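# Summary of the model geometry
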Amino acid sequence: MRELFILRHAKSSWDDPSLADFDRPLNSRGKEDAPLMGEHLAKLGVKPDIIVSSPAKRAKKTAKIVAEQLGFNPEKIEFRETIYEASPQSLLYLVCQFPENAKRVMLVGHNPGLTELANILGDITIENIPTTGVVGIAFDTSKWEEACRMKGHTILFDFPKKIKGKE
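Overview of the structure. (Residues numbered from 1 in each chain as written. Predicted model: local features only at pLDDT ≥ 70, side-chain atom pairs only at ≥ 80, totals over all residues. Heavy atoms only, no water.)

### Re helix 3 (residues 88-96)
The condition is simple: Burial here depends on accessible area, computed with a 1.4 Å probe over protein chains only, as a share of the maximum for the residue type. Under 20% is buried, over 50% is exposed, and the range in between is partly exposed. Helix and strand assignments come from DSSP, with helices taken as H or I runs of at least 4 residues and strands as E runs of at least 2, each series counted from the N terminus. The contact criterion used throughout is that any non-hydrogen atoms of two residues lie within 4.5 Å.
Where helix 3 is concerned, the buried positions are P88, L91, L92, L94, V95 and C96. Lining the buried residues of helix 3 we find strand 1 (2-8), strand 2 (50-53), strand 4 (104-109), helix 4 (113-121) and helix 5 (144-147).

This is how it looks when you write it as structure tokens:
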């Protein structure tokens, strides 16, 4: 069994138009939603063996906040340049390369790639993963190189507004 948790970064700030997209920080809502989602995932018992994240500022901060809530050492997060602005095919290739000793992996990144990846691998159609939204997909295999080529079972689709009871 393998489980993939696809986490979109928290809401980012557009306050400084001179900042490059890569360097945009979290806004106040993002700083509130990231720990909320981390706490929610911790209550569900999500314990990733590895966390792989985009190095973009907003994704990096989201990954670190959620990792802390999950009891995962933020210093052990793996940052991969290829996740930033990645196509779903690039993300799929990354999933195929996850180490076999990691049964649960959290992937932190950006749309539209993450939503498309969730739709390729999961068994439900998701129109959009909102900011700080997470999709969990379970695969009936012991190898990531097989998981990335099969339909898994979507076991989770949560996001802050849903958790707060607004939707």
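Next, the rest of the story.
### Regarding a positive patch on the surface
This is how it is decided: Surface patches are defined over residues having more than 30% relative accessible area and no salt bridge, joining like charges when they lie within 9 Å and nonpolar side chains (Val, Leu, Ile, Met, Phe, Trp, Tyr) when within 5 Å. Every accessible area reported is derived by Shrake-Rupley at a probe size of 1.4 Å, with residue values counting cover from the shown protein chains alone. The salt bridge definition used is simple: a Lys or Arg side-chain nitrogen within 4 Å of an Asp or Glu carboxyl oxygen. In this tally, Asp and Glu contribute negative charge and Lys and Arg positive charge; neither His nor the terminal groups of the chain are included. In plain terms, the charge of a residue is placed at NZ if it is Lys, CZ if Arg, CG if Asp and CD if Glu.
Together, K31, K57, K60, K61 and K64 line one region of the surface with positive charge. Here K60 lies in helix 2 (residues 57-69). By relative accessible area, K60 is classed as partly exposed at 31%.

### Comments concerning the packing of aromatic side chains
What counts here: Note on aromatic pairs: the rings of Phe, Tyr and Trp (six-membered ring only in Trp) are paired at centre separations within 6.5 Å, and the planes decide the class, stacked below 30 degrees, edge-to-face beyond 60, tilted for the rest. For a Lys NZ or an Arg CZ to count as sitting over a ring, it must be within 6 Å of the ring centre and within 35 degrees of the ring normal.
With the rule as written, the count across this model stands at four aromatic pairs. Ring geometry for F98 and W144: centres 5.3 Å apart, planes at 85°, overall edge-to-face. Of the two residues, F98 is situated in the loop between helix 3 and strand 4 and W144 in helix 5; the sequence distance between them amounts to 46 residues. Note on F98: relative accessible area 4%, which makes it buried. Its relative accessible area of 0% is what places W144 among the buried residues. Arranged with centres 5.3 Å apart and planes meeting at 55°, the rings of F157 and F159 form a pair that is tilted. Lying across the ring of W14, R24 places its NZ or CZ 3.7 Å from the centre. Across from the ring centre of F79, 5.0 Å away, lies the NZ or CZ of K60, which sits over that ring.

### A short note on the state of the cysteines
Filter applied, for reference: Any pair of cysteine sulfurs within 2.5 Å is marked as a disulfide.
One pass over the structure, following the stated rule, counts one disulfide. Residue C96 pairs covalently with C148 via a disulfide, S to S 1.8 Å. In this structure the cystine formed by C96 and C148 twists about its S-S bond by roughly 90°; its chirality is therefore right-handed. In this pair, C96 sits in helix 3 while C148 sits in the loop between helix 5 and strand 6 (153-158), placing the two residues 52 residues apart along the sequence. Relative accessible area serves as the criterion here: at 6%, C148 is assigned to the buried category.

### Thoughts on the side chain of T132
Within the fold, T132 resides in the loop between helix 4 and strand 5 (134-139). With residues near it in sequence (within four places) discarded, T132 still touches L7, R8, H9, A10, K11, D33, A34, M37, D158, F159 and P160.

### Comments concerning the sheet that holds strand 1
Under the convention used in this document: Whether two strands pair comes down to DSSP finding at least two bridges between them. To define axes, lines are fitted to C-alpha atoms, for helices over the stretch in contact only, and angles between the resulting N-to-C directions are given on a 0 to 180 degree scale.
Pairing is mixed in the open sheet, where six strands are placed in the order 3-2-4-1-5-6. Among the strands making up the open sheet, the edge pair consists of strand 3 (78-79) and strand 6. As defined by bridge partners, strand 2 adjoins strand 3 across two bridges and the pair is classed as parallel. Bridging from a neighbouring strand, V52 pairs with E78 of strand 3. In the packing of helix 4 onto the sheet, the strands contacted are strand 1, strand 4 and strand 5, and the crossing angle to strand 1 comes to about 155°.

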